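For reference, the chains in residue letters:
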Amino acid sequence: MNEKTPIIQVEKLTHKYSAGTPFETTAIKDIDLTICSGEMIAVIGHTGSGKSTFIQHLNGLLKPTSGRVLFSGQDIHSSKKMTRDVRFKVGLVFQYPEYQLFEETVYKDIAFGPKNMKLSESEINERVMEAAEFVGLDKRRLDESPFDLSGGQKRRVAIAGVIAMRPEVLILDEPTAGLDPHGCDEILKNIRDYHDATGSAVILVTHNMSEAARNVDRMLVFNKGQITMDGTPHQVFERSAELREMHLSVPWVTKVVMKLREKGVDIDPAVYTVEQARDAILSLKGGGIHA
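Attention in this report is confined to the structure presented alongside it. Given the structure is predicted, the values throughout are model-derived calculations rather than measurements.

On to the pattern of salt bridges. Applying the stated rule across the entire model yields 19 salt bridges. The partner of Glu-130 in a salt bridge is Arg-166, with the nearest N and O atoms 3.0 Å apart. Note that Glu-130 is positioned in helix α4 (residues 121-134) and Arg-166 in the loop between α5 (151-163) and β7 (169-173), a separation of 36 residues in sequence. According to the relative accessible area criterion, Arg-166 is partly exposed, its value standing at 31%.

Pasting the structure below:
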């Protein structure tokens, strides 16, 4: 599948909670969006911005109040069979997925999704082994109880359980929440490796701007139930002042660059990594900064 092929299309998507009651709340409104196979996307937004409601529409967990979601050109709610099939093709890993482990062994937990797909035992076994490798899980752990594992290992098992279904779109809600820096880096590397090896679209929901900037090609910024920014990290961080107005943090190196610009230094406002800052400062003509 060509990486420019649209895989999910969202048309005028609106979702209201408690619709028709005095407690009616509009969570997302009139969202239009196309996601292509092979993309690596970050969904950013403060609590209550609509991002969690949005991603639950992409695999049919929530039904739109109005508008529709298409997978490979078909409305995912066109039939019960279509909705069921999409849930295998669009895998969703919830925040703190380790709390959803329930089988007696790691192997059985990872195999749960493929079994529901009615695959043969040999195909299930192949997928369990493949998924365990993608997430860096020692195969000797497969016969152990998932409840005997560390928090980071449990997270890997939960992600492997979704990867084992070989989804064409993998959505992860705050996949590094609660992990130490080393654990965060390892999980993100596993996710990038999966993306690179399979060509699947990957959507990371995160509040960590630095994490998003280092790992994705495209960023969607949610605010008040709508997408207010959609572009590359460079395009998004060019609008750092707007991000801060939305109470979204920017990488610390971007804050430094903003301070330099306030002092009259002509430096690219979209810098968001240390390496970019170094190159931007070294390229300043005439020194730009004086000791």
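Moving on from the coordinates now.
Let us look at the layout of surface pockets. Put simply, the largest pocket is a space of about 640 Å³. Lining the largest pocket are 25 residues; nearest its centre among them are Leu-92, Gln-100, Phe-112, Val-162 and Met-165. Listing elements by their share of the lining of the largest pocket, those giving two or more residues are α2 (80-89), β6 (90-93), α3 (106-116) and α5. For the lining of the largest pocket, the element with the most residues is α2, which contributes five residues. Taken together, the residues of the lining of the largest pocket break down into 14 nonpolar, seven polar and four charged. Here the residues of the lining of the second largest pocket are counted per class, giving one nonpolar, 12 polar and three charged.

The six strands are arranged β6-β7-β8-β3-β9-β10 in an open sheet whose pairing can be described as mixed. Strands with a single pairing partner mark the edges of an open sheet, and in this sheet they are β6 and β10 (226-231). Within the sheet, the average angular offset between the axes of one strand and its neighbour, ignoring direction, is 15 degrees. Set on the sheet, α2 makes contact with β6 and β7; between it and β6 the angle comes to about 65 degrees.

The next thing to look at is the side chain of Ser-240. As for its placement among the helices and strands, Ser-240 is situated in helix α9 (residues 240-245). A relative accessible area of 4% means that Ser-240 is categorised as buried. Of the polar contacts made by the side chain of Ser-240, one reaches the backbone oxygen of Phe-237; its length is 2.6 Å. Not counting residues up to four positions away in its chain, the partners in contact with Ser-240 are Val-250, Thr-254, Met-258 and Pro-269.

A separate point is unusual backbone geometry. In this model, Tyr-96 sits at a positive phi of 50 degrees, which is unusual for a non-glycine residue. With respect to the helices and strands, Tyr-96 occurs in the loop between β6 and α3. Even without being glycine, His-247 reaches a positive phi, approximately 65 degrees. Positionally, His-247 belongs in the loop between α9 and α10 (252-262).

As a further point, take the packing of aromatic side chains. Within the structure shown, the criterion is met by four aromatic pairs. Relative to Tyr-194, the ring of Phe-134 has its centre 5.1 Å away and its plane inclined at 80 degrees; by these criteria the two rings are edge-to-face. Residue Phe-134 is found in helix α4, and its partner Tyr-194 is found in helix α6 (residues 181-198); the two are separated by 60 residues along the sequence. Relative accessible area serves as the criterion here: at 2%, Tyr-194 is assigned to the buried category.

Among the surface-exposed residues, Trp-252, Val-256 and Val-274 lie close enough to one another that they form a single nonpolar patch of about 320 Å² accessible area. By the element assignment, Val-274 lies in helix α11 (residues 274-282).

This part covers the environment of Val-43. Along the chain, the position of Val-43 falls in strand β3 (residues 40-44). Using a relative accessible area of 0% as the deciding quantity, one classes Val-43 as buried. Here Val-43 is in contact with Lys-51, Ile-203, Leu-204, Val-205, Thr-206, Leu-220 and Phe-222, once residues within four sequence places are set aside.

All right, on to the packing of α5 against α6 then. Where α5 contacts α6, the axes come no closer than 11 Å and their chain directions differ by 15 degrees. One element, α5, and the other, α6, form an angle in the roughly parallel class. Every pair of crossing elements has a handedness; the one defined by α5 and α6 is right-handed. Residue-level contacts link Arg-155, Arg-156, Ile-159 and Ile-163 of α5 to Glu-186, Ile-187, Asn-190 and Tyr-194 of α6. For the contact of α5 with α6, the class distribution of residues is four nonpolar, one polar and three charged.

Thresholds applied
- Residues numbered from 1 in each chain as written.
- Predicted model: local features only at pLDDT ≥ 70, side-chain atom pairs only at ≥ 80, totals over all residues.
- Heavy atoms only, no water.
- Salt bridge = Lys/Arg side-chain N within 4 Å of Asp/Glu carboxyl O.
- Helix = DSSP H or I, 4+ residues; strand = E, 2+ residues; numbered from the N terminus.
- Buried < 20%, exposed > 50% of the residue type's maximum accessible area, 1.4 Å probe, protein only.
- 1 Å grid on protein atoms, 1.4 Å probe; cavity = no way out; pocket = protein on both sides within 12 Å on 5 of 7 lines; lining within 4 Å.
- Points joined across faces, edges and corners; volume = space filled by probe spheres on them.
- Nonpolar A, V, L, I, M, F, W, Y, C, P; charged D, E, K, R; others polar.
- Pairing = 2+ DSSP bridges.
- Axes fitted to C-alpha atoms, helices over the stretch in contact; angles between N-to-C directions.
- Contact = heavy atoms within 4.5 Å.
- Polar contact = N/O pair within 3.5 Å; in protein donor to acceptor, adjacent residues only side chain to side chain.
- Phe/Tyr/Trp six-rings, centres within 6.5 Å; stacked < 30°, edge-to-face > 60°.
- Patch = residues over 30% accessible without salt bridge, like charges linked within 9 Å, V, L, I, M, F, W, Y side chains within 5 Å.
- Areas by Shrake-Rupley, 256 points an atom, 1.4 Å probe, with all protein chains shown as cover.
- Parallel < 35°, antiparallel > 145°, perpendicular 65-115°, else oblique.
- Left-handed = near helix turned anticlockwise from the far one by under 90°.

Keep in mind these values describe shape, not function.
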